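Listed here are the chains, written in short residue letters.
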Amino acid sequence: MTKFDDTIAGISTAPGVAGISIIRISGASARELVNGLFRSKRYENVSQIPDKTIAYGWIEADGRGVDEVLISIMLKPFTFTAEDIVEI
């Protein structure tokens, strides 16, 4: 059973062919979850990235880069869901 305070993730772009795709993670553990995947060129940790900021880096798996990405950080309560949001 899903609780209303779970951290969730989903594809945020419309179906079809596109140059980019956005994954949105929303909830109390959003930054912690992304921290396990994202390596920034500038920041040591995702929690160091300021609110309403975009950071450049890589999604990693098994210690190697999988994709070059930008992530945006939007912290509660000033988001559409009133929860922390990270978009990849």
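Structural data are supplied above this passage.
Residues numbered from 1 in each chain as written. Predicted model: local features only at pLDDT ≥ 70, side-chain atom pairs only at ≥ 80, totals over all residues. Heavy atoms only, no water.

Caption draft 1: Looking closely at the layout of surface pockets. Roughly 300 Å³ of volume is contained in the largest pocket. Lining the largest pocket are 14 residues, and of these Ser21, Ile22, Val69, Leu70 and Ile88 lie nearest its centre. Of all the secondary structure elements, the ones that give two or more residues to the lining of the largest pocket are β4 (53-61) and β5 (64-74). Here the lining of the largest pocket takes six residues from β5, the largest share from any one element. Classifying every residue of the lining of the largest pocket gives nine nonpolar, two polar and three charged. (1 Å grid on protein atoms, 1.4 Å probe; cavity = no way out; pocket = protein on both sides within 12 Å on 5 of 7 lines; lining within 4 Å. Points joined across faces, edges and corners; volume = space filled by probe spheres on them. Helix = DSSP H or I, 4+ residues; strand = E, 2+ residues; numbered from the N terminus. Nonpolar A, V, L, I, M, F, W, Y, C, P; charged D, E, K, R; others polar.)

Caption draft 2: Molecular detail of the nonpolar core. Counting 15 residues, the largest nonpolar core has Val34, Phe38, Val46, Ile49, Ile71, Ile73 and Ile88 as its most contacted members. Every element with two or more residues in this core is listed here: α1 (30-35), β4 and β5. (Core = buried A, V, L, I, M, F, W, Y, C linked by side-chain atoms within 4.5 Å. Buried < 20%, exposed > 50% of the residue type's maximum accessible area, 1.4 Å probe, protein only.)

Caption draft 3: Molecular detail of the side chain of Asp84. Along the polypeptide, Asp84 turns up in the loop between β5 and β6 (85-87). One buried charged residue, Asp84, remains without a salt bridge, the closest side chain of opposite sign being Arg31 at 4.1 Å. Asp84 has contacts with Ile25, Ser26, Gly27, Ala28, Ala30, Arg31, Met74, Leu75 and Lys76, leaving out every residue within four places of it along the chain. (Lys, Arg positive; Asp, Glu negative; His and termini not counted. Salt bridge = Lys/Arg side-chain N within 4 Å of Asp/Glu carboxyl O. Contact = heavy atoms within 4.5 Å.)

Caption draft 4: Geometry of the pairing of β5. Across nine bridges, the pairing between β4 and β5 is antiparallel. Across the sheet, the residue bridging to Ile54 is Ser72, located in β5. Adjacent in sequence and paired antiparallel, β4 and β5 are bridged by two residues, among which Asp62 carries a positive phi angle near 55°. Sheet topology note: the β5/β6 ladder contains three bridges and is antiparallel. By the bridge assignment, Ser72 is partnered in β6 with Glu87. (Pairing = 2+ DSSP bridges.)

Caption draft 5: Layout of the sheet that holds β5. Read across the sheet, six strands follow the order β1-β2-β6-β5-β4-β3 without closing on themselves; strand pairing throughout is antiparallel. Because the sheet does not close on itself, it has two edges, and the strands there are β1 (8-11) and β3 (38-40). Taken over all neighbouring pairs, the strand axes of this sheet differ in orientation by 30° on average, direction set aside. (Axes fitted to C-alpha atoms, helices over the stretch in contact; angles between N-to-C directions.)

Shape descriptors only; they carry no functional weight alone.
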